[in-house]
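Residue-level structure breakdown
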Amino acid sequence: MHEMSIALAVIGQIEDVARAEGRSGVETVTLQVGELAGVVPDALGFCFRLACDGTLLAGARLVTRPVPGRARCEPCAREWPTGMPPDLCCSGCGAAAAGLLSGRELQIAAVRWAPGGVPAAAREPQQRTRPTPTVPEES
Ligand SMILES: [Zn+2]
């Protein structure tokens, strides 16, 4: 499945960073998903949850931030939202769009790391029920 390979790639990238920085868990991953990237956000979220199991990202939440498609016509210097399905013909001169300005994004916009590796739901201020590794936390 397309979405599954994307989910695995995203998880792999974040695991690499987590290892390099000594992170112990992930709360939220924010992905920019272009309208024209050919990805179904719901399917991606589903695959993400499955693929996170047994990794450092277990329990992490995936937030997808849609990026609208925009096309541009060179002769007219016109820009327009492509919509979905994409309209790639210039309404000024009828020519095909010279290119897409946006809408094909598929990238990690932000990662919120879990503090101390304790899931947010189980965390209470002033109380630690289990020892947590001391990881320097930058804020
Ligand atoms: Zn045009």
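The structure displayed is predicted, hence computed values, not measured ones.

Description of the overall build of the protein
- Counting its secondary structure elements, the protein contains two helices and six strands.
- Element order for the protein, N to C, with α for helix and β for strand: α-β-α-β-β-β-β-β.
- Considering the protein as a whole, with its 139 residues, one finds that 20% of them fall into the buried category.
- For the protein, long-range pairs separated by at least 24 residues make up 71% of all intrachain contacts whose partners lie at least 6 apart in sequence.

Notes on helix α2 (residues 41-52)
- For α2, which comprises 12 residues, the first-to-last C-alpha distance of 16 Å matches the rise-based estimate of 16 Å (1.5 Å per residue) to within 8%.
- Check the buried side of α2 and you find it contacts α1 (2-21) and β2 (61-67).
- G54 sits one or two positions beyond α2 and adopts a positive phi of about 80°.

Topic: the sheet that holds strand β5 (residues 99-102)
- Taken in spatial order, the three strands make up an open sheet running β4-β3-β5, and their pairing is antiparallel. At either margin of the open sheet sits one strand with a lone partner, and together these are β4 (78-81) and β5. Adjacent strand axes in the sheet meet at a mean angle of 35°, parallel and antiparallel pairs treated alike.
- The pairing of strand β3 (residues 70-73) with β4 spans four bridges and is classified as antiparallel. Each residue of the ladder has a partner; that of C73, found in β4, is R78.

Some remarks on the sheet that holds strand β6 (residues 106-113)
- Strand order in this open sheet of three strands is β2-β1-β6, and the pairing throughout is mixed. Every other strand in the sheet has two partners, leaving β2 and β6 as the edge strands with one partner each. Across the sheet, the mean angle separating the axes of adjacent strands is 20° when strand polarity is ignored.
- Where strand β1 (residues 26-34) lies against β2, seven bridges are found, and the strand directions are parallel. When the sheet's bridge partners are listed, G34 is paired in β2 with V67.
- Where α1 meets the sheet, its contacts fall on β1 and β6, and the angle it forms with β1 comes to roughly 130°.

Observations concerning the UniProt feature "binding site: Zn(2+)" (unreviewed entry) in the protein
- Per the UniProt annotation, the sites labelled "binding site: Zn(2+)" (unreviewed entry) are C73, C76, C90 and C93. The named residues occupy 21 residues along the chain; their greatest pairwise C-alpha distance, 8.7 Å, places them in one compact cluster.
- Mapped onto the elements of the fold, C90 is located in the loop between β4 and β5.
- For C90, a count of 20 C-beta atoms within 10 Å corresponds to the buried category.
- Not counting chain neighbours up to four residues away, the residues in contact with C90 comprise C73, C76, R78, A95 and A97.
- By secondary structure assignment, the location of C93 is in the loop between β4 and β5.
- Classification of C93 as exposed rests on a count of 11 C-beta atoms within 10 Å.

Description of unusual backbone geometry
- For the peptide bond that leads from M84 to P85, omega is 0°, which places it in the cis range.
- Checked against the element boundaries, P85 lands in the loop between β4 and β5.
- Even without being a glycine, A77 presents a positive backbone phi close to 55°.
- With respect to the secondary-structure elements, A77 resides in the loop between β3 and β4.

About the cut-offs
- Positions within a chain are numbered from 1, following the residues in the order the chain's sequence is written.
- Given that the model is predicted, a residue must reach a pLDDT of at least 70 before its local features are reported, and side-chain atom pairs must reach 80 or more before they are shown or counted; all residues, however, enter totals for whole chains, interfaces and linings.
- Helix and strand labels come from DSSP, where a helix needs a run of H or I of at least four residues and a strand needs a run of E of at least two; each type is numbered from the N terminus.
- Three exposure classes are used, all based on how many other C-beta atoms lie within 10 Å of a residue's own C-beta (placed from the backbone): buried at 20 or more, exposed at 12 or fewer, and partly exposed between those limits.
- Note that contacts rest on C-beta atoms placed from the backbone: two residues are in contact if these are within 7 Å.
- What a helix is expected to span follows from its residue count: subtract one and scale by 1.5 Å.
- The pairing criterion for strands is at least two bridges between them, as found by DSSP.
- Helix axes are fitted to C-alpha atoms over the stretch in contact, other axes to C-alpha atoms as well, and angles between N-to-C directions run from 0 to 180 degrees.
- UniProt positions are given in the numbering used here, feature names are shortened, and annotations may be inferred rather than shown by experiment.

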